[in-house]
Amino acid sequence: MKAMILAAGLGTRMRPLTEHTPKPLLEVGGKPLIVWHLQALRAAGIREVVINTAWLGDKLEAALGDGQRFGLKIHWSHEPAGQPLETAGGIVRALPLLGHEPFLLVNGDIWLRYHMTTLRTALAPGKQAHLVLVDNPAHNPAGDFGLQGIGAATADEHAVLMPKSADSAFTYAGLAVYCPSLFQGLSQGVRPLAPLLRDAIATGRASGEYFAGPWVDVGTPQRLHELDAAIRANDI
């Protein structure tokens, strides 16, 4: 299995920290956010990683290189510096690098402690997407999706992914497994992921699981500083 790390965001909410540093290179606990992912992927037995870039992509590539020092082979998918292609658009552009087998996808601006080995076999027959969901953070109280028949204290690796409802609403963690067929045939360009997921849910082609954390969407300087302090104090 290959993996893809989404690292093409402009980092506007993180300014001024991202004026000269791409967001995935911001550090918590003494190392860049993206290095936490690279180490977790290597521990899960993944050897090839595709990273897409836009804002300050040259600095990201200069910092990580070909991945050899992480025990990985990194492939780079560069997008226009001023216009990232959004999630689905970035995946479509990177499909030639990802191949024809299911791949793991992780957002470059999250931090979590999740054993990614389990995702290698998470995509059940007939499914094109398997999403990891978490409890709704304060900045996303309404959630994104539902999971049929489970509560927040239950883990089910192959629950049915549903539209969110009043009694079942969780937040997409930015961690998933996708089948390339979900994106094949789509034209290149700016394209969000949500419409594809809604269609996959409506036709029974998506599953999901609940993850209790720890998980942080590192979307603001305050969250970055709080996470860094928590890691250094062994509070997370």
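**Considering the overall build of the protein**
(1) Moving on: From N to C terminus, the protein includes five helices and 13 strands.
(2) Moving on: For a compact globule of 236 residues, the expected C-alpha radius of gyration is about 18 Å, and the protein comes in at 17 Å, within 12% of that figure.
(3) Moving on: Within the span of the protein, comprising 236 residues, buried residues form 50% of the whole.
(4) Moving on: When contacts within the protein are restricted to residue pairs at least 6 apart in sequence, long-range pairs at least 24 apart make up 75% of them.
(5) Moving on: Summed over all atoms, the accessible surface of the protein reaches about 10500 Å², with 52% contributed by carbon and sulfur.
(6) Moving on: On the protein, the mean spot of the 20 positive side-chain charges and the mean spot of the 21 negative ones are 4 Å from each other.

**Re the pattern of salt bridges**
(1) Moving on: According to the stated counting rule, one finds five salt bridges in the structure shown.
(2) Moving on: One salt bridge connects Glu48 with Lys2, and the closest N-O pair in it is separated by 3.9 Å. Of this pair, Glu48 sits in strand E4 (residues 48-53) while Lys2 sits in the segment before strand E1 (3-7), and the two are 46 residues apart along the sequence.
(3) Moving on: A salt bridge links Asp228 to Arg232; the shortest N-O distance between them is 3.0 Å. Here Asp228 and its partner Arg232 are both found in helix H5 (residues 221-232), four residues apart, which amounts to about one turn of the helix.

**Description of the packing of aromatic side chains**
(1) Moving on: Applying the stated rule across the entire model yields six aromatic pairs.
(2) Moving on: On the numbers, 5.7 Å between centres and 75° between planes, the contact of Tyr178 with Phe183 is edge-to-face.
(3) Moving on: A connected cluster of aromatic rings, assembled from ring pairs, spans Phe103, Tyr178 and Phe183.

**Considerations on helix H3 (residues 86-98)**
(1) Moving on: Here H3 spans 17 Å end to end across 13 residues, near enough to the 18 Å set by a 1.5 Å rise per residue.
(2) Moving on: Taken as a whole, H3 carries its principal kink of about 40° at Val92; the proline Pro96 stands between one and four residues after it.
(3) Moving on: Buried residues of H3: Ala88, Gly89, Gly90, Ile91, Val92, Ala94, Leu95 and Leu98, and no others.
(4) Moving on: Buried positions along H3 lie against E1, E4, strand E5 (73-78), strand E6 (103-107) and helix H4 (194-202).
(5) Moving on: Positive phi appears at Gly99, one or two residues downstream of H3, with a value of about 85°.

**Some words on the pairing of strand E11 (residues 171-178)**
(1) Moving on: With eight of its eight residues buried, E11 lies for the most part within the structure.
(2) Moving on: Where E6 lies against E11, four bridges are found, and the strand directions are antiparallel. Its bridge partner being in E11, Val106 is matched across the sheet by Leu175.
(3) Moving on: In this sheet, E11 lies alongside strand E8 (residues 129-134) in antiparallel orientation, the contact comprising five bridges. In the sheet register, Ala129 faces E11, and the bridge partner there is Tyr178.

**Notes on the confidence of the model for the protein**
(1) Moving on: Of all residues in the protein, 94% attain a pLDDT of 70 or more, and the chain-wide mean is 90.
(2) Moving on: Per-element averaging of pLDDT across the protein places strand E10 (residues 159-163) at the bottom with 75 and E6 at the top with 98.

**Some words on the pairing of E6**
(1) Moving on: The element E6 is extensively covered by neighbouring structure, given that five of its five residues are classed as buried.
(2) Moving on: Residue alternation in E6 divides its side chains into two sets, Phe103, Leu105 and Asn107 and Leu104 and Val106, and both sets are buried.
(3) Moving on: Sheet topology note: the E1/E6 ladder contains four bridges and is parallel. For Met4, the partnering residue across the bridge sits in E6 and is Leu105.

**Concerning unusual backbone geometry**
Trans is the prevailing form of peptide bonds, just as negative phi is the prevailing case for residues other than glycine.
(1) Moving on: Cis geometry marks the peptide bond from Arg15 to Pro16, where omega comes out at 15°.
(2) Moving on: For Pro16, the position within the fold is in the loop between E1 and strand E2 (27-28).
(3) Moving on: Note the cis peptide between Gly213 and Pro214, where omega equals 10°.
(4) Moving on: In this structure, Pro214 sits in the loop between strand E12 (206-210) and strand E13 (215-217).
(5) Moving on: Positive phi outside glycine occurs at Glu86, with the angle close to 65°.
(6) Moving on: Inspection of the secondary structure assignment puts Glu86 in helix H3.
(7) Moving on: The partly exposed category is assigned to Glu86, whose relative accessible area is 43%.
(8) Moving on: In this model, Asn234 sits at a positive phi of 55°, which is unusual for a non-glycine residue.
(9) Moving on: Here Asn234 is to be found in the segment after H5.
(10) Moving on: For Asn234, a relative accessible area of 68% gives the class exposed.

Calculation criteria
- Residues numbered from 1 in each chain as written.
- Predicted model: local features only at pLDDT ≥ 70, side-chain atom pairs only at ≥ 80, totals over all residues.
- Heavy atoms only, no water.
- Helix = DSSP H or I, 4+ residues; strand = E, 2+ residues; numbered from the N terminus.
- Rg over C-alpha atoms; globule rule 2.2 N^0.38 Å.
- Buried < 20%, exposed > 50% of the residue type's maximum accessible area, 1.4 Å probe, protein only.
- Contact = heavy atoms within 4.5 Å.
- Areas by Shrake-Rupley, 256 points an atom, 1.4 Å probe, with all protein chains shown as cover.
- Lys, Arg positive; Asp, Glu negative; His and termini not counted.
- Charge placed at Lys NZ, Arg CZ, Asp CG, Glu CD.
- Salt bridge = Lys/Arg side-chain N within 4 Å of Asp/Glu carboxyl O.
- Phe/Tyr/Trp six-rings, centres within 6.5 Å; stacked < 30°, edge-to-face > 60°.
- Expected span 1.5 Å × (residues − 1).
- Bend = angle between axes of the 7 residues up to and from the residue.
- Pairing = 2+ DSSP bridges.
- pLDDT = per-residue confidence, 0-100.

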